[in-house]
Each structure stands twice: as structure tokens, then as C-alpha cells.
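Architecture at a glance
Chain residues, written in single-letter form:
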Amino acid sequence: MREVAVIGTGMTNFGELWGKSIKDIFVEAALEAIESAGVDHIDSIYVGAMSSGLFVGQEHLGAVMADYLGQNPVPATRVESACASGGASFRAAYHEVASGASDIVLAGGVEKMTDGADVTEALATAADQDYEVYQGITFPGLYAMIANAHMHEFGTKRENLAQVSVKNHKNGSNNPNAQFKSIITVDQVLNSTLVADPLRLLDCSPVSDGGAAVILCPMDIAKKFTGTPVRIKATSQASGTIALHSRDSLTTLDSVKTAAEKAYKMAGLKPADINFAEVHDCFTIAEIVVSEDLGFFEKGKGGAAVEEGKTAMDGLIPINTSGGLKSKGHPVGATGIAQIIELYEQLTGQAGKRQVKNAKIGLAQNMGGSGASCVINILEAI
Amino acid sequence: MVGIVGYGSYLPRYRIKVESIAKEWGSDPEALKRGLQLFEKTVPGQDEDTITISVEAAKGALKRANINPKEIGALYIGSESHPYAVKPSGTVVIDALGIGPHVHVASYEFACKAGTEAMYNAYALVKADEMKYAMGIGADTSQGAPGDALEYSASAGGAAFIMGKENVVAEILFTTSYTSDTPDFWRREHEYYPRHAGRFTGEPAYFKHLVTADKILLKKSVMKPEDFKYAVFHMPNGKFPQMAGKKLGFTKEQLETGWIVPWMGNTYSGSSPTALAAVLDVAKPGDKIFMVSFGSGAGSDGFIFNVTDKIKDVQDKAVKLRDMLDNNKIYLDYGEYAKFREKIILNE
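Everything numeric in this text was worked out from a predicted model, so none of it was measured.

Focus on the domain arrangement of chain A
The figure often quoted for interface size is the accessible area lost as the parts come together. Residue and element names in this part refer to chain A. Entries for chain A in the domain assignment read domain 1 (4-118 + 208-225) and domain 2 (123-202 + 232-381). For domain 1 and domain 2, the distance between their C-alpha centroids amounts to 22 Å. Contact with domain 1, which involves 38 residues of that partner, is made by 34 residues of domain 2. If you list the elements that add at least two residues to the side of domain 1 that touches domain 2, you get β1 (4-11), α4 (85-98), β4 (105-112) and β7 (209-218).

Right, here's the structure in full:
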């Protein structure tokens, strides 16, 4: 397998992009990525999208986007793994380049969620229809159960959940692409509308439109295109049980643990070697649980770690420097690619006010459903 | 001089407080009151609908105009809640008030701006010398689905305006309209309640159309916000008209007389017309009034009025809006409200 590099990135603002269609959004991100990489062609396209059929009535996104991007007849494929669709799209592109099948591949992700669809219902299709959704459960409900279990087992405080949101909003205030650039307080989170006890509105990532794209090529030709390529050190994916009730523990996400072990092994690294991470904070509790399952903190200590500032910009391991899903926005299919873009910007020293000092190795963790799928990518500065 | 020669308004006596609705849905009333600037809303009685509200408002307009009803050549009612899908609302109104039968009658619909459409066309017909008088009415028993944000605002009321050339109490100096296909709020046939696209009803719909119409009207009239004594905007909630006013440079003082929405709710097609009636109830000769409506779908109609000396002669001839808003209230609990609004399905 060849070494692979990321050589260009592009993303739209995340938010309520009422004036733009799903095609406009993807094309905007993809053109920016192509331009920033300085490539004169692409060999293949992957489009991560969770549920464009339910959100905007458009499937067959690979062909749609290749067409609107003016790239016919290159092969283009839509990749779906619920909220991990972007990460899975990146991983597919990696394998196509690493295997030698193609040289220049675009990995993108997109979602258009504000066109009037029932978003909660569309998102719930990523859970177990027979045993969860038909009984009335939604994702806020599933993560609320995880939160309650975590609080019960480990004494995690309600305030710890709020502190995740406060930190991510603070980081996002320095991200020009973020949906919510507002600074918020723990009190605001604790007094926001109750969604699913104990989760409140400001514990939940928003409904967003947005697109993101990156260009991959073999490491040995990367410098031809850019002076700032970034090495893909590892990529991994794992599956876990689709339904929460099938798990041995409500407070451990097996897919995250397994994918992390595989990624660390492939990269030859330990959790302590990671300088910063983008993790899938679809709900505040998710960031806490994931930070434990990635091995950054002992099981049950993720809440305290946030309180102690260990995941803050200047902490032991800054988490979600981009603002995370909570502040940056969560256009589902684009999220995994946007995480890669944050890693790229940090590792090439282009993150501006969000820049992590001495950022050499970054990890992106993207997951689908309540953790039934998880994609992890580790990138390294050159 | 063409303008309003008589006006009247009507609000039902029944009210429900934000607290009573919020309690039913487990929402925080304080957050709603703070966020939407709404405290209570009017509720139509069991025997009230757009037609009865129109009759009451039109009665007031006739009293103030003091004209022979037979001289009214057109009567238009704008509403989102015409009682019949097919059958005009206005025919009942003309027969109840002795208008017609030599009269042009139509029901208008354009979400919340149907009332100002009726006023606009009534004004145009008189200005074109097609008839001596024409009446435009905006009235609604607004719909809001149980549990929806609209349930806190959708209320009932209306206002009627007779346009003419003699004894004008408020001359219409300028008009404008600004419209585009912006589907922010809709109700399809056979549906009980409107649907809406959340925050999309704000910036791209309400603010874009209303503020653009405002700017066109100011440009057309070569007037500035400070030239007006009063400004009246469509009021989907308490916050939006204030934000729109602020964007354009209108002050709180200019807005507050017409800002009746916190205690009345959104009377949809009757919203800006009832606010205009509240302003005319207290206006003095020479006052300039700036009025812009908004209807989802979406569009805005704008008017600039100049109040004349005749206003003093008519203000006390019929009930004033503020009197109906502040007095004789009967508060309903949610159960009574659900019964009044026919939200409870009974066996026939």
C-alpha cells in the first residue's frame, strides 16, 4: 500500500444555507478543494451523505455531483454510514489511492437538512427501526440514556456536559465556518430547553447545511502540488451493535474502542502521542464517552477531564478545536470531512486563532448512530 | 384626496395566557414570553368567525364614516380563515349591514397580508373613480397547531376601512408592494393547521420582504423615519416588528401605539390593520403613519397615511381597539380554549 497525503481542502460555511441547494453546496466545497490542491484533474469522487433521499429527495449523489462538478465521466460513488458517512468517504478515497488504483481522488461530504424534511425522523433511520425507533426513541433519547448511565456509574456531573458545550462554542467562536460563533455559559446550557432528560438544547448539535471536500494523492507526488501536504498515518473503521440495549455497557462505545486500537496500531502510536483530536460530539455526552474510549482518559474520568480543562485549547489534549459538531454545525454527511479539514489546518499551521501549538499528530473520530459505526483517521504533519 | 373615511375594529372578549398554553406542553412560559414578547392572545367565541368579526369591524367603520351603506361599491375581506372554502364571506357582511346588492364582493387570501390587499384594492377603485366608496377588511380566527410555536400567537380580530374621497380622515399618500415566491408558511387544502419552515420565516421571508417594502416606500415618498409619528408593521410576535423597526431607524415611541401584539396575539390578516386602527384611535391631525404588512409566501404592502382634521370627528363614534384589548376580558383555561377552537373532536 502506498503512503497517502491530503493536499487540498474546501468547505462551505456550515449553517442554514437557505439560498443553496445540495448541489450548490457540494460543488462549492469541491471546487475550493480542487483549487487549493492545484490539481488539473481528479480520477475519482466519493460523496459522503447520510440521508439526502429523506432530506431533499435526491439519491444517486455520486453521479449527481460528478455531473454538476463538470467531472463526467470520472467514477463517483456515494458513501453512507449514517453520521460517519464523511469519515467513510475519506477512508474509501484513501484506499483507492493507497492501492494504486487512482492518483488524485476527491473525498467529499454534504448534507442539506433545512429544506423542510422531518429531520428527527430522518436521523432516526440510523437507529434500529424494529427495536428502537418503532418504540418512539430518537437520538436525543438514546444519548440521554447514555448520559444518565454515565452519571449514575461514574458520578459525572450535569455541569460536565455543559462544560463540553461551553468549550466547543468558545473554540467555534474562532472558526469562520462555524454555524454558532457565540460564547455561551454553563448557566445558559443548564437553563436551555429540555430535549431528553438530562440533555438540553445546548447539549445537542444543530441541524445544518454544509459541504466539505479534500483531495488525496500518493505521498510521493504530493509536493508537486503543495508545499503543505499532510500524511495520512492511519485509517480504521469498526462496527458495534446498532441498538443500545444489545450492549454490555451503556457507557462504552465498542466501535470507538476497536477502531481506536486498530488506528493506533496502524500508526504505531499511543493515545498519549496524539496532540489534538476532533471527536463526534453530536451530544455533549458523546464527547465525554469518546474521549475515554479513545484512551485519552480513564473510563469514567472524561467528565472530570473537561472540568479540569484538559480538553481545552491549552489543555493536555485539545478536543474539538474547530468548535465540534455543537458549534461548527453538523451537516451529517459533511462532518467527517470537516474534521479532516480541521486536522489539515492545524497540522499545516493555518488554524489562526484556534492554532494548537506544536500540532504534529491529530486524530479525527467520526461515528454513526449511537456508535454502531466508527471511523478514525490519524493525520501527521510533514 | 383619497383615503380612509371610516374605520372600525373588533376583538373577541376571550383570552388565553401564554402560561396556560405552556403548561399544557411542558414549555417554560417565561422563556416564551421573553423570546417571543407575547403574554396573552384573543380567542374567538364559539359563535365567532371571520364573518362575524368582519361585520363588527365594518359596523364601526360605517358609524365613523356616517355614509349610506348603499354607496359602497366594493367590499373585500382578506383572511386565512374564511369559514367556507367555496362561498364568499363578504356576502353575509353586505346583507347584514345593508350594503349592496349593487356591490363587488370578493374574499382575498395571501397569508397575513390579505387584509392590506383588500385595503389596497378598495383604495385603487376609489382612486380610479370606479365608485364613491369601497371597503377593505382584514379579519381572522387564526390557526396554530396544538403544541406548535404558532399556538402562542394565533389569535382573532379584525379591522375594516372604508376608502373614499369626501371627509377623508387619513389620506393615503403613497403605496407599494413587494412580492416573491418564498414558501415560508403554508396550509394546503383539507389541512387544519398551517405549516412553517421555522427560522426560514424570519430573515428570508418576513425581514426581507417587509424591510425591502419599507425602504421602497421611504424612497418613493422621499421621507425619513423621523418624519412619522407612528409606524405599524405586521406582528407575527412581539419581537419581529421591533427588530424590523430598529433596522430601519424607527424608535420605540413610534412603534408602541400599534404594538398591540403582546396582549392580542397575531390576528394574521387582521394584524397590521388592527394596529392601524389602534393608531387612528389616538392620532392627531397632521400625524404621518407608516404601515407595512407582511404575508407569508411572501409579500408586503406598504402605505403612508396623513391624518386630517376630520379624525377628531370620528374617533369617538365607535369602540376603540385599546378599549376592547384592555377591558371586559374573559380568561379561558386550556380545556375551554381547546373546546372553543374545536380542537376536541366530538362524536356527531
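Moving on from the coordinates now.
A closer look at helix α6 (residues 139-154) of chain A
Residue and element names in this part refer to chain A. When the terminal C-alpha atoms of α6 are compared, their 22 Å separation across 16 residues agrees well with the 22 Å that a helix rising 1.5 Å per residue should span. Residues of α6 that are buried sit in contact with α5 (119-124), α7 (158-172), β5 (194-196), β6 (199-200) and α11 (284-293). Once α6 ends, the next one or two residues include G155, with phi positive near 70 degrees.

Re the nonpolar core
Residues and elements named next belong to chain A. Counting residues in each nonpolar core, the largest one holds 123 residues, and the members touching the most others are V214, I215 and L216. Mapping this core onto the domain boundaries places at least three of its residues in each of domain 1 (4-118 + 208-225) and domain 2 (123-202 + 232-381). In contact with I215, not counting residues within four places along its chain, are I7, G8, A33, I34, A37, V39, I104 and L106.

Details of the packing of helix α6 (residues 202-221) of chain B against helix α7 (residues 239-248) of chain B
All names here are of chain B. Relative orientation of the contacting elements α6 and α7 amounts to 45 degrees, with a least axis distance of 10 Å. As the angle between them shows, α6 and α7 are arranged oblique. Crossing handedness for the pair α6 and α7: right-handed. Contact residues: Y206, F207, L210, V211 and D214 in α6; F240, A244, K247 and L248 in α7. Among the residues making up the contact of α6 with α7, the classes are represented as seven nonpolar, no polar and two charged.

About the criteria used
Residues numbered from 1 in each chain as written. Chains lettered and ligands numbered in written order. Predicted model: local features only at pLDDT ≥ 70, side-chain atom pairs only at ≥ 80, totals over all residues. Domains from an automatic or database assignment. Contact = placed C-beta atoms within 7 Å. Helix = DSSP H or I, 4+ residues; strand = E, 2+ residues; numbered from the N terminus. Expected span 1.5 Å × (residues − 1). Core = buried A, V, L, I, M, F, W, Y, C linked by C-beta atoms within 7 Å. Buried ≥ 20, exposed ≤ 12 C-beta atoms within 10 Å, placed from the backbone. Axes fitted to C-alpha atoms, helices over the stretch in contact; angles between N-to-C directions. Parallel < 35°, antiparallel > 145°, perpendicular 65-115°, else oblique. Left-handed = near helix turned anticlockwise from the far one by under 90°. Nonpolar A, V, L, I, M, F, W, Y, C, P; charged D, E, K, R; others polar.

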